[in-house]
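Architecture and fold: a report
Spelled out from the first residue to the last, the chains are:
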Amino acid sequence: MPRFAERLGVWGASLAELERWLLPAACLLCQAPIAAREGDALVCSLCRSRWRRLPDPLCGRCGQPAWPDLACRICAGWSEGPARVRSAVWLEESARQAVHQLKYEGWWRVAEAMAEAMRGLEPLTGQVSLIPVPLGPGRARERGYNQSERIAAALGRLVGAPVRTDLLRRVRETRTQTALTPEARQANLAGAFASAEAGGVAVVLVDDVFTTGATLVSAAAALRAAGAAQVEAVTFARAMEPIATI
Ligand SMILES: [Zn+2]
Ligand SMILES: [Zn+2]
């Protein structure tokens, strides 16, 4: 919804109240009323506090919670994948609902709450450019927007990093991944992305969910081939049993 109130000067305060009144007064996830002090948040603070952060220790590369000294079952086969991936929370209950609202229900401003949860992730330091994982044109048309782009935009505002949507593109649509094994996912995504010249750019890919990392591996390979100096990635959520159940 456009911010009418911000444009209207002296009327701003009362219009801001009106706008807030017109927005859903209940949390999108739990339907409890949202306190006025939480502004125009779509997700209440209680729901956000239920998003469970990943426990340490993590695999240094893919960010999966892991026992130190054991070979990581997620990233052992990554040759060209991102140097480091970090996710904010587990994909369960309320976090899963938030992703669903963002992806399938049109509530793109949920991305703001997700970006808040992601802001302290390690790759988001220094001079990096955020690159949302692109959708193919077909899926982008269906949805009306790219959910990863919405997360990247909110994150860029929070951490003061530029968002680059001009480099990476998806060169072919890939079929839905949910029923595929990790190996089949890798094959399904190989060559799915292409990147414009990215010489010297330090990149952090942004996506909503990390499942097996196949998407990030393929996107990272394209960016590296285009000369990116460094490729890391962040996601809002991480599937809990990427290999056993998906
Ligand atoms: Zn709630
Ligand atoms: Zn790993």
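Let us look at the structure shown here. (Residues numbered from 1 in each chain as written. Chains lettered and ligands numbered in written order. Predicted model: local features only at pLDDT ≥ 70, side-chain atom pairs only at ≥ 80, totals over all residues. Heavy atoms only, no water.)

Around the zinc ion (ligand 1), the protein contributes the donor atoms Cys 27 (SG), Cys 30 (SG), Cys 44 (SG) and Cys 47 (SG), at 2.3 Å from the metal centre. Seen from the zinc ion (ligand 1), its 4 donor atoms lie at angles of 105 to 115 degrees, and the figure they make is tetrahedral. If you list the donors of the zinc ion (ligand 1) from N- to C-terminus, the spacing comes out as C-x2-C-x13-C-x2-C. For Cys 27, a relative accessible area of 1% translates into the label buried. Relative accessible area serves as the criterion here: at 31%, Cys 30 is assigned to the partly exposed category. (Donors = N, O, S within 2.8 Å, 3.2 Å for Na, K, Ca; no water. Tetrahedral: all angles 85-135°; square planar, octahedral: opposite > 155°, others 65-115°. Buried < 20%, exposed > 50% of the residue type's maximum accessible area, 1.4 Å probe, protein only.)

Time to look at the packing of helix α3 (residues 93-104) against helix α4 (residues 110-118). Taken N-terminus to C-terminus, the directions of α3 and α4 make an angle of 135 degrees; their axes are 9 Å apart at the nearest point. Judged on the interaxial angle alone, α4 and α3 are oblique. Judged by the sense of rotation from one axis to the other, the crossing of α3 with α4 is left-handed. Across the interface between the two elements, Ala 98, Val 99, Gln 101 and Leu 102 of α3 pack against Val 110, Ala 111 and Met 114 of α4. The class makeup of the residues in the contact of α3 with α4 is 6 nonpolar, 1 polar and no charged. (Axes fitted to C-alpha atoms, helices over the stretch in contact; angles between N-to-C directions. Helix = DSSP H or I, 4+ residues; strand = E, 2+ residues; numbered from the N terminus. Parallel < 35°, antiparallel > 145°, perpendicular 65-115°, else oblique. Left-handed = near helix turned anticlockwise from the far one by under 90°. Contact = heavy atoms within 4.5 Å. Nonpolar A, V, L, I, M, F, W, Y, C, P; charged D, E, K, R; others polar.)

Our focus in this paragraph is unusual backbone geometry. The linkage connecting Asp 56 with the following residue, Pro 57, adopts the cis geometry, with an omega of -5 degrees. Relative to the elements of secondary structure, Pro 57 occurs in the loop between α2 (45-50) and β1 (84-90). The residue Gln 31 is not glycine, and still its phi comes out positive at about 65 degrees. Position of Gln 31 among the secondary structure elements: in the loop between α1 (12-22) and α2.

Time to look at empty space enclosed by the protein. The full count for this structure, using the stated rule, is 1 cavity of 30 Å³ or more. There is about 40 Å³ of room inside the largest cavity. Every residue lining the largest cavity is listed: Leu 135, Gly 136, Arg 139, Arg 170, Glu 173 and Thr 174. Of the residues belonging to the lining of the largest cavity, the class tally is 1 nonpolar, 2 polar and 3 charged. (1 Å grid on protein atoms, 1.4 Å probe; cavity = no way out; pocket = protein on both sides within 12 Å on 5 of 7 lines; lining within 4 Å. Points joined across faces, edges and corners; volume = space filled by probe spheres on them.)

Right, let's talk about the layout of surface pockets for a bit. Taken as a whole, the second largest pocket holds about 220 Å³ of empty space. Around the second largest pocket, the lining residues are Pro 55, Asp 56, Pro 57, Gln 64, Pro 65, Ala 66, Trp 67, Leu 70, Ala 71, Cys 72 and Arg 73. Along the lines of polarity and charge, the residues of the lining of the second largest pocket split into 8 nonpolar, 1 polar and 2 charged.

Before going further, it helps to examine the pairing of β1. Consecutive side chains of a regular strand alternate in pointing toward one face of the sheet and then the other. When you tally the buried positions in β1, you get 6 out of 7 residues, the bulk of the element. Across 6 bridges, β1 lies against strand β6 (residues 230-238) in parallel orientation. What sits directly across from Trp 90, in β6, is Arg 238. (Pairing = 2+ DSSP bridges.)

Three or more residues of helix α7 (residues 182-189) are buried, namely Pro 182, Arg 185, Asn 188 and Leu 189. Down the axis of α7, the smallest arc covering the buried residues is 115 degrees, so these residues share one side. When the buried face of α7 is taken as reference, the exposed residues oriented beyond 90 degrees from it are Glu 183 and Ala 187. At its buried positions, α7 is contacted by β3 (168-170), β4 (193-195) and α8 (214-225). (Arc of directions from axis to C-beta.)

Attention now moves to the coordination of the zinc ion (ligand 2). Bound to the zinc ion (ligand 2) on the protein side are Cys 59 (SG), Cys 62 (SG), Cys 72 (SG) and Cys 75 (SG), at distances that span 2.3 to 2.4 Å. Read in sequence order, the donor residues for the zinc ion (ligand 2) give the motif C-x2-C-x9-C-x2-C. Of the two residues, Cys 59 sits in the loop between α2 and β1 while Cys 72 sits in the loop between α2 and β1, which places them 13 residues apart along the sequence. Accessibility expressed as a relative area gives 15% for Cys 72, which makes it buried.

Reading across from one edge, β1-β6-β5-β2 is the order of the 4 strands in this open sheet, with parallel pairing throughout. Each edge of the open sheet carries a strand with a single partner, namely β1 and β2 (129-132). Geometrically, the sheet is characterised by an average inter-axis angle of 25 degrees between neighbouring strands, direction not taken into account. Relative to β6, strand β5 (residues 202-210) runs parallel, the two being bridged by 8 bridges. Within β6, the position partnered with Val 206 by the bridge is Val 234. In the packing of α4 onto the sheet, the strands contacted are β1, β5 and β6, and the crossing angle to β6 comes to about 120 degrees. Against the sheet, α8 engages β1, β2, β5 and β6, with an angle of about 160 degrees to β5.

This is a description of form; function is not addressed.
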